[in-house]
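Understanding the architecture of this molecule
Here are the chains, one letter per residue:
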Amino acid sequence: MNDETKVDKTRRNLVVATSVVGGAAGVVAAAPFVASMWPSERAKAAGAPVEADISRLAPGEMAVIEWRGKPVWIIRRTKEMIDSLKAVAPRLTDPASKSSEQPKYAENEHRSAKPELMVMEGVCTHLGCSPQLKSAEAKAEMGADWAGGFYCPCHGSKFDFAGRVFRGAPAPTNLKVPPYTLVSDNTVLIGEDQEKKGA
Ligand code: FES
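Predicted model only: the values in this text are computed from it and were never measured.

Conventions and cut-offs
- Residues numbered from 1 in each chain as written.
- Predicted model: local features only at pLDDT ≥ 70, side-chain atom pairs only at ≥ 80, totals over all residues.
- Heavy atoms only, no water.
- Salt bridge = Lys/Arg side-chain N within 4 Å of Asp/Glu carboxyl O.
- Helix = DSSP H or I, 4+ residues; strand = E, 2+ residues; numbered from the N terminus.
- Buried < 20%, exposed > 50% of the residue type's maximum accessible area, 1.4 Å probe, protein only.
- Pairing = 2+ DSSP bridges.

1. Considerations on the pattern of salt bridges
Side-chain pairing between opposite charges can occur once the charged atoms of the two side chains come close. Scanning the model with the defined rule gives nine salt bridges in all. For aspartate 185, the salt bridge is made with lysine 114, and the minimal N-O distance between the two is 3.5 Å. Residue aspartate 185 is found in the loop between strand E9 (180-184) and strand E10 (187-190), and its partner lysine 114 is found in the loop between helix H3 (79-88) and strand E5 (117-121); the two are separated by 71 residues along the sequence. Judged by its relative accessible area of 25%, lysine 114 falls in the partly exposed class. A salt bridge links lysine 134 to glutamate 141, with the nearest nitrogen and oxygen atoms 3.0 Å apart. For lysine 134, a relative accessible area of 13% puts it in the buried group. The class of glutamate 141 is exposed, set by a relative accessible area of 51%.

Next up, the structure:
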């Protein structure tokens with residue numbers, strides 16, 4: 001079976017996207033830009049890689065893709081988001097992700113193959129809840145030093161925009177980065193390692 005037949009190419013996998021960062025006025029809006037179906041039952045059962053078309057994902061927006069029954073988040077990170085990763089490092093449990101799970105090409109500060117593209121499993125490493133996106137504007141709720149990231153409402157774990165957990169949280173490790181391949185600027189193949197594709 002070649003790659004073409006293994007991959008779920010139906011493009012029905014992009015389920016929802018939410019605006020993380022507002023427009024010029026700095027307004028945070030929940031603005032789903034696309035809603036569509038889950039991958040086919042056959043593709044899911046086979047655990048097939050899932051191809052995500054992110055051509056409509058604007059900087060600061062997040063898409064949620066289902067892969068092997070789990071939500072996978074894709075964020076086109078803004079410069080502010082990338083810059084925040086350095087700033088929060090002293091407050092993290094595992095800033096260099098030495099005890100956390102990610103593929104080789106994500107063993108770096110931004111935990112991704114490309115700094116501007118975050119690909120992350122949206123499953124808390126404590127007891128498996130799905131954390132919520134909290135923009136940098138959520139300081140009233142998250143604290144004055146909050147630079148944006150994710151909050152797990154189950155037991156209060158906080159994560160930055162690279163899925164790295166803040167100290168003092170019950171989650172023991174950073175969020176997991178799934179294997180993936182950047183097929184092009186606008187296409188991410190989730191579930192297949194970049195290295196295996198020779199990318
Ligand atoms: S499951 Fe996320 S903090 Fe407990």
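2. A word on the pairing of strand E4 (residues 70-76)
Counting buried positions along E4 yields five of seven residues, so the element is predominantly enclosed. Direction of pairing for strand E3 (residues 61-67) relative to E4: antiparallel, over a ladder of six bridges. Residue alanine 63 lies in a different strand from E4, and its bridge partner there is isoleucine 74. Linkage of E3 to E4, two consecutive antiparallel strands, is achieved through a turn of two residues, within which arginine 68 is found at a positive phi near 50°. Sheet analysis places E4 next to E5, joined by five bridges and oriented antiparallel. Residue pairing in the sheet places isoleucine 74 in a bridge with valine 119 of E5.

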